[in-house]
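# Observations on the three-dimensional arrangement
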Amino acid sequence: MSQKKCPLNREQLEELTQKFPTPFHLYDEAAIRTNARELKDAFAWNPGFKEYFAVKATPNPYIMKILQAEGFGADCSSLPELMLAEKIGLSGAEIILSANDMPANEFVKAVELGAVINLDDITHIGFLEECSGLPEAISIRYNPGPLKSGNTIIGHPEEAKYGFTREQLFEGYRILRDKGVKRFGLHTMVASNELDATYFIETAHILFDLVVELSAELGIKVEFVNIGGGIGIPYKPEDEPVDLAFVGEGIRKLYEEKIEKAGLAPLDLNMECGRIITGPYGWLVSRVLHKKNTYKQFVGLDSCMTNLMRPALYGAYHHITVPGKENLPHDFVCDVTGSLCENNDKFAIDRALPPVEIGDLMVIHDAGAHGHAMGFNYNGKLRSAELLLRENGGVVQIRRAETPDDYFATLDFEGLQAFEA
Ligand SMILES: *Cc1c(COP(=O)(O)O)cnc(C)c1O
C-alpha cells in the first residue's frame, strides 16, 4: 500500500490559493531530497554511481538545482533540455544526450558542453562525426529485441524505435574503437513505469554480460553502464513501490560475480530515472467548477488534460483526494473532467469520491513527473503555475502561469493589419 497524502491540508491549500489561484502543480522539496538520498544509498557500493535526472519528467530549473545539489546530473533529449542543464551549471560528464532521431544542432550543442552522447543508431556514428567530430567518450543504446520482454508503455523491445541490435552493437563499438574513441559506455532502457524490481536487476545482468563479451571480442573496456530509467511508482494506493535497496543489492551481487570476477572493475553504474525522482512528490491542485448530472455524474475542474495528460493518453490511474473530506464515505461515483473539447479529457472515470461540492479543492496525486511537463496549448489552454514547498515550510513559485500574451507571443498581429485576405 502506498500512502496518498498531500503535504498541505485543506486550510493550508486554501490559504495558498489566495496568492496562487488554482490550478497549479505543487512539489515537495523535502520529500524529493529524502528520496534522492535513498536512491544514492541503494547504490553507494558503486563509487561511480550517478543518477542523471531525466529532464523531460520535470523540466524546471529549480527542481533540477535541488537534484544537482543531491549529486544528480541531467539526461537530456533536446536542445532546450541541454540548455536547461547548462543554465543550472551542469557541464561535461554531468550531462547525457540521449539521442534518438536528433537534428545536427543537438549533437553540436552536446559536444560543445562536453556531454556524454548516447547513440541510438549505428548510422548516427557517421552523422555525429560530420556534425561535430566524435567526442572522446561515447555510449551506445542497446535494444535486446526478443531477448527481453517489454512492458505496456514502451511495448516489445523489437517493436520499439530505440537502440542498436546486438550485431550492430558489436559493429558500432568496433567502428568507434577504430576511429579512436577511447572511452565507452553501454546503455539500455526497455521499460517504462515498471514496478517489478527484478526487471532492473535482469537489465543490469544483460549489460554486465555484454561488458564482458565486448572486452573479450573487441578489447575495449566499457567504463560505464546505464540501466536507463523506467522504474515505476505506485500510482494506485494498492501498488507497492519498487524496493530500491533490493535492486541495489541484486545488482551489487551481479557486479561481483560478473564484473569483478572478469577483472573489469571499476565500472560505473548510471541511471536516468525521472518518474521515481519527482513523480510521487508533485500534486496537481485544482478546484471544482461545475457538477453535471446526465446519463452519468460529472465533476468539472478548473484544470484539464493539458495540465496532466497521462489519464487521457495512457488511461493511467491518478489518485484523487478532496482535501478535508478524506475520511468521509467514498460513495459518490463520477467522472472527473476538464474543459477541453475532447471527450477523453477526463482525470478519472467512474471514480468513487466523497460527496463533492462546487468550490471544493481536488488534489490529483503523483503528478510530479510527466505531469506539467507534458502540458500543451491545444484549445487555447494556458499552462498553469508550478509551486515548490520548501524544506522550511514556505512556498515559492518556480514557474508562473501562462497568460494569453504568452500564447500569442509567436504571432505577428501587426503583420496581420497589413495582411490582405
Ligand atoms: C523518458 C526517459 C527516461 C525517464 O523515464 P522515467 O520513466 O521517467 O524514469 C530515461 N531515459 C530515457 C532515454 C527516456 O526516454
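Criteria and thresholds
Residues numbered from 1 in each chain as written. Predicted model: local features only at pLDDT ≥ 70, side-chain atom pairs only at ≥ 80, totals over all residues. Heavy atoms only, no water. Core = buried A, V, L, I, M, F, W, Y, C linked by side-chain atoms within 4.5 Å. Buried < 20%, exposed > 50% of the residue type's maximum accessible area, 1.4 Å probe, protein only. Domains from an automatic or database assignment. Contact = heavy atoms within 4.5 Å. Pairing = 2+ DSSP bridges. Helix = DSSP H or I, 4+ residues; strand = E, 2+ residues; numbered from the N terminus. Axes fitted to C-alpha atoms, helices over the stretch in contact; angles between N-to-C directions. Arc of directions from axis to C-beta. Near = heavy atom within 4 Å. Polar contact = N/O pair within 3.5 Å; in protein donor to acceptor, adjacent residues only side chain to side chain. Areas by Shrake-Rupley, 256 points an atom, 1.4 Å probe, with all protein chains shown as cover. 1 Å grid on protein atoms, 1.4 Å probe; cavity = no way out; pocket = protein on both sides within 12 Å on 5 of 7 lines; lining within 4 Å. Sits in = over half its atoms within 2 Å of the grid points. Nonpolar A, V, L, I, M, F, W, Y, C, P; charged D, E, K, R; others polar. Buried area = accessible area lost by both parts, 1.4 Å probe. Salt bridge = Lys/Arg side-chain N within 4 Å of Asp/Glu carboxyl O. Points joined across faces, edges and corners; volume = space filled by probe spheres on them. Right-handed = clockwise from strand over helix to strand, strands pointing away.

Core analysis: the biggest nonpolar cluster contains 84 residues, and Leu39, Phe43, Tyr173, Leu186, Phe208, Val225 and Ile251 have the highest contact counts within it. Split by domain, this core shows at least three residues from each of two domains, domain 1 (29-277) and domain 2 (279-408). Those residues in contact with Leu186 that lie beyond four places of it in its chain are Ser139, Ile140, Tyr142, Leu169, Tyr173, Leu207, Leu210, Val211, Val222, Phe224, Val225 and Asn226. Formed by 17 residues, the second largest nonpolar core is a distinct cluster that contains Val288, Phe347, Leu353 and Ile364.

Here we have eight strands rolled up into a closed barrel, ordered S2-S3-S4-S5-S6-S7-S8-S9, and parallel in their pairing. Geometrically, the sheet is characterised by an average inter-axis angle of 25° between neighbouring strands, direction not taken into account. Across three bridges, the pairing between strand S2 (residues 50-54) and strand S3 (residues 73-76) is parallel. By the bridge assignment for S3, Tyr52 is matched with Gly73.

Every α-helical turn comprises 3.6 residues, leaving residues that sit three or four positions apart pointing alike. Listed in full, the buried residues belonging to helix H1 (residues 10-19) are Leu13, Leu16 and Thr17. Along the axis of H1, the buried positions cluster into a sector of 100°, meaning they face one direction only. Turned more than 90 degrees off the buried face of H1, the exposed positions are Glu11, Glu15, Gln18 and Lys19. On its buried face, H1 is in contact with strand S1 (24-28), strand S10 (282-293), strand S15 (361-364), strand S16 (385-389) and strand S17 (395-399).

This next bit is on the site of the ligand. Inspection of the region around the ligand gives 14 residues, with Lys56, Gly230, Glu272, Arg275 and His370 positioned closest. In the environment of the ligand, an oxygen atom lies 2.8 Å from a nitrogen or oxygen atom belonging to the backbone of Gly230. Between Gly274 and the ligand, the recorded distance is 3.0 Å, taken from a backbone N or O atom to an oxygen atom. For the ligand, whose free accessible area comes to 390 Å², the fraction covered by protein is 91%. Here the ligand occupies the largest pocket. By residue class, the composition of the shell around the ligand is three nonpolar, six polar and five charged.

Annotation of the protein chain at the domain level lists domain 1 (29-277) and domain 2 (279-408). On a C-alpha basis, the centroid separation for the pair domain 1 and domain 2 is 32 Å. On the domain 2 side, the residues contacting the 25 residues of domain 1 number 21 residues. Between domain 1 and domain 2, the buried area comes to about 2000 Å², and carbon and sulfur atoms account for 59% of it. Viewed at the interface, domain 2 and domain 1 are joined by two salt bridges. We note a salt bridge from Arg390 to Glu29, for which the minimum N-O separation is 2.6 Å. Connecting domain 1 to domain 2 are eleven residue pairs in polar contact (both at pLDDT 80 or more). Looking at the side of domain 1 that touches domain 2, the elements with two or more residues in it are helix H2 (29-42), helix H3 (61-69) and helix H10 (275-278). The biggest single contributor to the side of domain 1 that touches domain 2 is H2, with six residues. Its residues placed into classes, the side of domain 1 that touches domain 2 shows 15 nonpolar, five polar and five charged.

Moving on, we get to the layout of surface pockets. The space that makes up the largest pocket amounts to roughly 610 Å³. As for the largest pocket, its lining consists of 29 residues, of which Lys56, Ser77, Tyr162, Met189 and His370 are closest to the centre. Split into classes, the residues belonging to the lining of the largest pocket amount to eleven nonpolar, ten polar and eight charged. Inspection of the lining of the largest pocket shows a minimum of three residues originating in each of domain 1 (29-277) and domain 2 (279-408). Its volume calculated, the second largest pocket comes out at about 520 Å³.

Where burial is concerned, most of strand S6 (residues 137-142) is hidden: six out of the six residues are buried. Taking every second residue as pointing to the same face, both faces of S6 are buried, with Ala137, Ser139 and Arg141 on one and Ile138, Ile140 and Tyr142 on the other. The pairing of strand S5 (residues 116-119) with S6 spans three bridges and is parallel. The residue of S6 that forms the bridge with Asn118 is Ser139. For the crossover from S5 across helix H6 (residues 124-132) to S6, the handedness is right-handed. Sheet analysis places S6 next to strand S7 (residues 183-188), joined by six bridges and oriented parallel.

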